[in-house]
Amino acid sequence: MENALLIGLSRQTTLERQLDVIANNIANVNTSGYKADNSLFEEYLNTPAHEDNFVGSDRRVSFVQDRGTYRDMTQGAVEQTQNPLDVAIDGSGFLAVQTPDGERYTRDGNLHINSTGQLVTVAGNPVLGTSGPIVLQQTDHDVNITPDGTITVVEGSGRTDSIRGTLRVVSFADAQKMLKEGLNLYSAGEGGTPQADTKSTIRQGFIEKSNVNAVSEMSRMMEVSRAYSSIANLMNQQSELQKTAIQQLADVPA
């Protein structure tokens, strides 16, 4: 295969993967606490498949290779909901939750109380406090969550506050190593160790929105689509040029 076609194919492959990343960002533009992904690219140099008649750097063919993705960990806009169980994290912390696969982490503070009184996420995973899952009683009311995550309630007809637990907020030395696992959850990733986050604060009655910029992502999608089409046209022209050359060579008298 011609080197020009190989180079074009490598670029099309990376553009296709980049389009998948952009499409996933757009699909999660309304997902609370979602962090946008971005693609990483690098130049991959290799010797040509044939024709050893160039010298120096001209002998090397430059391909495009996608290294992976990185996350934009900037905080999304905060929206007030008036729901006393909703929380937004100001800072780099994550809420710790318990799942069937073990402890996981999320920025989605849209919380609820299940049928057994446990504080859970939208997916039904129990939210962990510093002493385990947080459980409220049926007679609890006037829920208050302080900036440090302490949850207090007024129990029954009483007038004094009762503590039901403190939200376990953790952070990581390198949040880029965390792995997305779906349902707005992250695992610690390779070598990641959660540390108690004392710098982040909790805002009760608020939700952190996705940090995806919908307009920017749509513009990127159009740009990637046009680049893919341009390369496809270039490859078609290269193929037609090669076909014409072969036909003309065939007409040359022996």
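Up top is the structure.
As the structure is a prediction and not an experimental result, all values here were calculated from the model.

About the criteria used
Residues numbered from 1 in each chain as written. Predicted model: local features only at pLDDT ≥ 70, side-chain atom pairs only at ≥ 80, totals over all residues. Heavy atoms only, no water. Helix = DSSP H or I, 4+ residues; strand = E, 2+ residues; numbered from the N terminus. Buried < 20%, exposed > 50% of the residue type's maximum accessible area, 1.4 Å probe, protein only. Contact = heavy atoms within 4.5 Å. Areas by Shrake-Rupley, 256 points an atom, 1.4 Å probe, with all protein chains shown as cover. 1 Å grid on protein atoms, 1.4 Å probe; cavity = no way out; pocket = protein on both sides within 12 Å on 5 of 7 lines; lining within 4 Å. Points joined across faces, edges and corners; volume = space filled by probe spheres on them. Polar contact = N/O pair within 3.5 Å; in protein donor to acceptor, adjacent residues only side chain to side chain. Salt bridge = Lys/Arg side-chain N within 4 Å of Asp/Glu carboxyl O. Core = buried A, V, L, I, M, F, W, Y, C linked by side-chain atoms within 4.5 Å. Pairing = 2+ DSSP bridges. Axes fitted to C-alpha atoms, helices over the stretch in contact; angles between N-to-C directions.

Some words on the overall build of the chain
When helices and strands are counted, the chain shows 2 helices and 19 strands. Put simply, the chain has 254 residues, and 37% of those count as buried. In the chain, of all internal contacts separated by at least 6 residues, the share reaching a separation of at least 24 is 63%. If you sum the accessible surface of the chain, you get close to 14,800 Å²; carbon and sulfur atoms cover 50% of it.

Brief notes about the layout of surface pockets
One number sums up the size of the largest pocket: a volume of about 220 Å³. In terms of lining residues, the largest pocket is bounded by 16 residues, among which Leu 167, Val 169, Ala 196, Asp 197 and Thr 198 are the most central. Of all the secondary structure elements, the ones that give two or more residues to the lining of the largest pocket are strand 14 (169-171), strand 17 (195-196) and strand 18 (201-204).

Some words on the side chain of Asp 140
Along the chain, the position of Asp 140 falls in strand 11 (residues 140-145). Reaching out from Asp 140, the side chain makes a polar contact with the backbone nitrogen of Gln 137 at a distance of 2.7 Å. Here Asp 140 is in contact with Val 153, Val 154, Glu 155 and Arg 164, once residues within four sequence places are set aside.

Structural notes on the pattern of salt bridges
Under the defined criterion, the tally for this structure stands at 10 salt bridges. With a closest N to O distance of 3.3 Å, Glu 155 and Arg 164 form a salt bridge. Take Glu 155: its relative accessible area is 38%, and that puts it in the partly exposed class. A salt bridge links Arg 220 to Glu 217; the nearest nitrogen and oxygen atoms lie 2.9 Å apart. Here Arg 220 pairs with Glu 217, and both are found in helix 2 (residues 214-250), just 3 residues apart, close to one helical turn. We classify Arg 220 as buried; its relative accessible area is 17%. Its relative accessible area of 5% is what places Glu 217 among the buried residues. Three or more residues are tied together by salt bridges with common partners; here these are Lys 35, Arg 107 and Glu 208.

Thoughts on the nonpolar core
In this structure, Leu 119 and Leu 167 are the most contacted members of the largest nonpolar core, which totals 18 residues. For this core, the elements supplying multiple residues, two or more each, are strand 4 (87-90), strand 5 (94-99), strand 11 and strand 12 (150-155). In this structure, Leu 128, Phe 172, Tyr 186 and Ala 188 belong to the second largest nonpolar core, which totals 10 residues.

Some details on the sheet that holds strand 11
Here we have 3 strands laid out as an open sheet, ordered 11-12-13, and antiparallel in their pairing. The two strands at the open ends of the sheet, each matched to only one other strand, are strand 11 and strand 13 (161-166). Strand-to-strand twist across the sheet, computed as the mean angle between neighbouring axes with direction ignored, equals 30 degrees. Sheet analysis places strand 12 next to strand 13, joined by 5 bridges and oriented antiparallel. Within strand 13, the position partnered with Val 153 by the bridge is Ser 162.

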